[in-house]
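Geometric and topological summary
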Amino acid sequence: MKITNARVIVCSPGRNFVTLKIETDEGLTGIGDATLNGRELSVASYLTDHVIPCLIGRDAHQIEDIWQFLYKGAYWRRGPVTMSAIAAVDIALWDIKAKAAGLPLYQLLGGASRTGVMVYGHANGRDIAETTDEVLRYAELGYKAIRAQSGVPGLDKVYGVGRGRLFYEPADADLPSEHDWSTEKYLDHTPKLFDAVRSAIGWDHHLLHDVHHRLTPIEAARLGKSLEPYRLFWMEDATPAENQEAFRLIRQHTVTPLAVGEIFNTIWDCKDLISQQLIDYIRATVVHAGGITHLRRIADFAAMYQVRTGCHGATDLSPVCMGAALHFDLWVPNFGVQEYMRHTDETDAVFPHAYSFDRGFMHPGEAPGHGVDIDEAMAARYPYQRAYLPVNRQQHDGTLWSW
Ligand code: CS2
Ligand code: MG
């Protein structure tokens, strides 16, 4: 089966998405997600200018060889732009292969390892009371696992408190907006948040929290320790992870489970974190970590150390990524949880899909392929609109900080 054409479709049904569509001489097509929040056009250009010319004429069934060609052949290996582009090709080719077999993608990976994929939703609010109410609302929606993020007294804007209720879009301006930050205010506030939430919801739900890269290792250790009474499912991105060794300091002080990796793009970013059991969940997902082909390698490596998957699934990852990830989640033996930040109705209309949500669990559906498509005519109605993620500054002196 030869690849005859490939096109990049950039659209913005409420937020920007980049989709790769691959066509073959047997009439089968496949689509992949290439969305990188705030750098969408970089990946679109990487695909159009540097990848697609190399795809034409290749055998669409040779997923692994094409992956190796795009990874090693680039010479300049790794990085979010390169690996998102490779991921888009990979997801599209797995879509084609599964369609050619007439099977849902998870069957090609090894079949279902569970009856459904447990997902977590995002409850957020401006203060503890509002956030607690949202957590209870998510429980009523059927979620068994709920992330809680709230505003912090004395801070103007904080990660995770968004414009949406069921979805959250942080890329909120044509140029990066500036948020303010105070570690002290955050560390004082967060244990109070979880004391209130756990008191309100009881012990039958998993609670999660995203620190979003903002603490030093010892500060993260302090937070993890202070949250132990509330039994979190995980504390995410507790500290920037370029220095994987930093997590050892956190590990020495707290038993709160640690999750990291949504911004990782290859196994090398998490090799030591996993092999030295410094984390409990790996957050890498199909769109930013080289597609199904590479994410399987990360998951199998993680399984050797009892590290489980917890794929990223924010609103800014397209339904194509969600669909492919759910097939992966249904198969992967060391599954942990799948993030499910819903998309807007206009996004769902552009990306019709077979996956579904039911009482806290999702299923990718039984459609051949990954079960997600793109309505190109509708996508054309939503042209790209530049939008950047915010930056963060220390409130007391303006120092640029992790957002
Ligand atoms: C967050 C994301 O979902 C998460 O865990 O870290 O909302 C993240 O901020 C966005 O994906 C960035 O584009
Ligand atoms: Mg996160």
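The notes below deal with the structure included here. (Residues numbered from 1 in each chain as written. Chains lettered and ligands numbered in written order. Predicted model: local features only at pLDDT ≥ 70, side-chain atom pairs only at ≥ 80, totals over all residues. Heavy atoms only, no water.)

The coordination sphere of the magnesium ion (ligand 2) contains the protein donors Asp210 (OD), Glu236 (OE) and Glu262 (OE), at a distance range of 2.0 to 2.2 Å. In primary sequence terms, the donor set of the magnesium ion (ligand 2) follows D-x25-E-x25-E. Residue Asp210 is found in strand E7 (residues 206-210), and its partner Glu236 is found in strand E8 (residues 234-236); the two are separated by 26 residues along the sequence. In this structure, Asp210 and Glu236 share a single accessibility class: buried. (Donors = N, O, S within 2.8 Å, 3.2 Å for Na, K, Ca; no water. Helix = DSSP H or I, 4+ residues; strand = E, 2+ residues; numbered from the N terminus. Buried < 20%, exposed > 50% of the residue type's maximum accessible area, 1.4 Å probe, protein only.)

With respect to topology, three strands assemble into an open sheet ordered E1-E2-E3, the strand pairing being antiparallel. Lying at the two open borders of the sheet, with one neighbouring strand each, are strand E1 (3-11) and strand E3 (29-33). Within this sheet the neighbouring strands show an average axis-to-axis angle of 20 degrees, counted without direction. Sheet topology places E1 next to strand E2 (residues 17-24); eight bridges connect them, and they run antiparallel. By the bridge assignment, Ile3 is partnered in E2 with Thr24. Each of E1, E2 and E3 is contacted by helix H3 (residues 80-101), which is oriented at about 145 degrees to E3, the strand it contacts most. (Pairing = 2+ DSSP bridges. Axes fitted to C-alpha atoms, helices over the stretch in contact; angles between N-to-C directions. Contact = heavy atoms within 4.5 Å.)

On to the sheet that holds strand E16 (residues 400-401). Read from one edge to the other, the open sheet built from three strands follows the order E6-E15-E16, with strand pairing classed as mixed. Of all the strands in the sheet, just strand E6 (178-181) and E16 have a single pairing partner and so form its edges. Sheet topology note: the E6/strand E15 (residues 391-394) ladder contains four bridges and is parallel. Residue pairing for E15: Glu178 is matched across the bridge by Val391.

This part covers the packing of aromatic side chains. Summed over all chains, the structure comprises 14 aromatic pairs. An angle of 80 degrees between the planes, with centres 5.4 Å apart, marks the rings of Tyr120 and Trp234 as edge-to-face. Remark: Trp234 occurs in strand E8 and Tyr120 occurs in strand E4 (residues 117-125); sequence separation between them is 114 residues. Residues Tyr120 and Trp234 agree in their burial class; the two are buried. Ring centres of Tyr138 and Tyr143 lie 5.0 Å apart, and the angle between their planes is 55 degrees; on these two criteria the pair is classed as tilted. Taken individually, Tyr138 and Tyr143 each receive the classification buried, so the pair is uniform in this respect. Joined through ring pairs, the aromatic side chains of Tyr120, Phe233, Trp234 and Tyr281 make up one cluster. In this structure, Arg342 is placed above the aromatic ring of Phe357, and the distance from its NZ or CZ to the ring centre is 4.7 Å. (Phe/Tyr/Trp six-rings, centres within 6.5 Å; stacked < 30°, edge-to-face > 60°. Lys NZ or Arg CZ within 6 Å of the ring centre and 35° of its normal.)

If you walk through the whole model with that rule in mind, you get 20 salt bridges. The partner of Glu236 in a salt bridge is Arg283, with the nearest N and O atoms 3.0 Å apart. Highlighted residues: Glu236 in strand E8 and Arg283 in the loop between strand E10 (281-282) and helix H10 (291-303), separated in sequence by 47 residues. The exposure class assigned to Glu236 is buried, which follows from its relative accessible area of 0%. For Arg283, a relative accessible area of 0% puts it in the buried group. Linking Glu262 and Arg283 is a salt bridge whose minimum nitrogen-to-oxygen distance equals 3.0 Å. With Glu262 in the loop between strand E9 (258-260) and helix H9 (271-275) and Arg283 in the loop between E10 and H10, the pair connects residues that are 21 residues apart, well separated along the chain. Through salt bridges that share partners, Arg7, Lys21, Glu23 and Glu376 make up one connected network. (Salt bridge = Lys/Arg side-chain N within 4 Å of Asp/Glu carboxyl O.)

Time to look at the side chain of Ser12. Residue position: Ser12 is located in the loop between E1 and E2. A polar side-chain atom of Ser12 sits 3.4 Å from the main-chain carbonyl oxygen of Arg15. Those residues in contact with Ser12 that lie beyond four places of it in its chain are Tyr382, Pro383, Tyr384 and Gln385. (Polar contact = N/O pair within 3.5 Å; in protein donor to acceptor, adjacent residues only side chain to side chain.)

The local shell around ligand 1 holds 16 residues, among which Tyr159, His212, Glu262, Arg283 and Glu339 are the closest. A distance of 3.4 Å separates an oxygen atom of ligand 1 from a polar atom in the side chain of Arg147. In this structure, Glu236 approaches ligand 1 through a side-chain N or O atom, which is 3.0 Å from an oxygen atom. Calculation on ligand 1 without its partners gives an accessible area of 340 Å², and the protein chains cover 95% of this total. Of the residues contributing to the shell around ligand 1, the split by class is five nonpolar, four polar and seven charged. (Near = heavy atom within 4 Å. Areas by Shrake-Rupley, 256 points an atom, 1.4 Å probe, with all protein chains shown as cover. Nonpolar A, V, L, I, M, F, W, Y, C, P; charged D, E, K, R; others polar.)

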